[in-house]
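Listed here are the chains, written in short residue letters.
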Amino acid sequence: QVQLVESGGGLVQPGGSLRLSCAASGSIFSIYVMGWYRQAPGKQRELVATITSSGNTNIVDSVKGRFTISSDNAKNTVHLQMNSLKPEDTAVYYCYMFLQGVGTMIRNNLWGQGTQVTVSS
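Anyway, here's the lowdown on the structure attached to this text. For clarity, every value in this text was computed on a predicted model and none was experimentally measured.

Cut-offs used in this document
Residues numbered from 1 in each chain as written. Predicted model: local features only at pLDDT ≥ 70, side-chain atom pairs only at ≥ 80, totals over all residues. Heavy atoms only, no water. Helix = DSSP H or I, 4+ residues; strand = E, 2+ residues; numbered from the N terminus. Buried < 20%, exposed > 50% of the residue type's maximum accessible area, 1.4 Å probe, protein only. Polar contact = N/O pair within 3.5 Å; in protein donor to acceptor, adjacent residues only side chain to side chain. Contact = heavy atoms within 4.5 Å. Salt bridge = Lys/Arg side-chain N within 4 Å of Asp/Glu carboxyl O. Pairing = 2+ DSSP bridges. Phe/Tyr/Trp six-rings, centres within 6.5 Å; stacked < 30°, edge-to-face > 60°. Lys NZ or Arg CZ within 6 Å of the ring centre and 35° of its normal.

## What to know about the side chain of Arg 66
Considering the arrangement of structural elements, one finds Arg 66 in the loop between β6 (57–59) and β7 (67–72). A relative accessible area of 11% places Arg 66 in the buried class. A distance of 2.7 Å separates polar atoms of two side chains, one belonging to Arg 66 and the other to Asp 89. For Arg 66, the residues in contact, after removing those within four places along its chain, are Gln 81, Met 82, Asn 83, Ser 84, Leu 85, Lys 86 and Asp 89.

Written out as structure tokens, the structure reads:
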């Protein structure tokens, strides 16, 4: 069984920074895409950023220039550095990985449990 464990959420003032991390554990053959989504109260879950195994990134316009996604493929870990945070960034942030486990040809979408980010003064 592969699991994703997130860390780094919390309460921060507007203009502040947070760094989210997500580590995958278990019998992993390969991770193809890592990323972050978020869901604000009363809204649908939305994409924030993704990074492929070759390092190609995709960041949504609403956070571009403020958020940076990075990964450590050797450690099966993805990070989201969030700077210049705004109240509208308040949401539960979910780690996402598209991966293949050992001993299977099936590729799966896997989600973390979510971590709360609150931006408020």
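## A word on the pattern of salt bridges
Per the counting criterion, the structure on display carries four salt bridges. Linking Arg 38 and Glu 46 is a salt bridge whose minimum nitrogen-to-oxygen distance equals 2.7 Å. Among the ionic pairs, Arg 38 bridges to Asp 89, the shortest N-O distance being 3.0 Å. In this pair, Arg 38 sits in strand β4 (residues 28–39) while Asp 89 sits in the loop between β8 (77–82) and β9 (91–101), placing the two residues 51 residues apart along the sequence. Owing to a relative accessible area of 0%, Asp 89 belongs among the buried residues under this scheme.

## What about the pairing of strand β5 (residues 46–52)?
Relative to β5, β4 runs antiparallel, the two sharing six bridges. When the bridges of β5 are listed, Gly 35 appears paired with Thr 50. In textbook terms, the turn of a hairpin is the stretch between consecutive antiparallel strands, and for β4 and β5 this stretch comprises six residues, one of which, Gly 42, has a positive phi near 80 degrees. When β5 meets β6, the two strands line up antiparallel, connected through three bridges. In the sheet register, Thr 50 faces β6, and the bridge partner there is Asn 58.

## Quick look at the packing of aromatic side chains
Enumeration according to the criterion identifies four aromatic pairs in this entry. Plain terms: the ring middles of Tyr 37 and Tyr 96 are 5.7 Å apart, the flat faces sit at 70 degrees to each other, and that makes the pair edge-to-face. Of the two residues, Tyr 37 is situated in strand β4 and Tyr 96 in strand β9; the sequence distance between them amounts to 59 residues. Look at Tyr 96 and you get buried, because its relative accessible area is 12%. Taking NZ or CZ as reference, Arg 45 lies 3.7 Å from the ring centre of Tyr 94, over its face.

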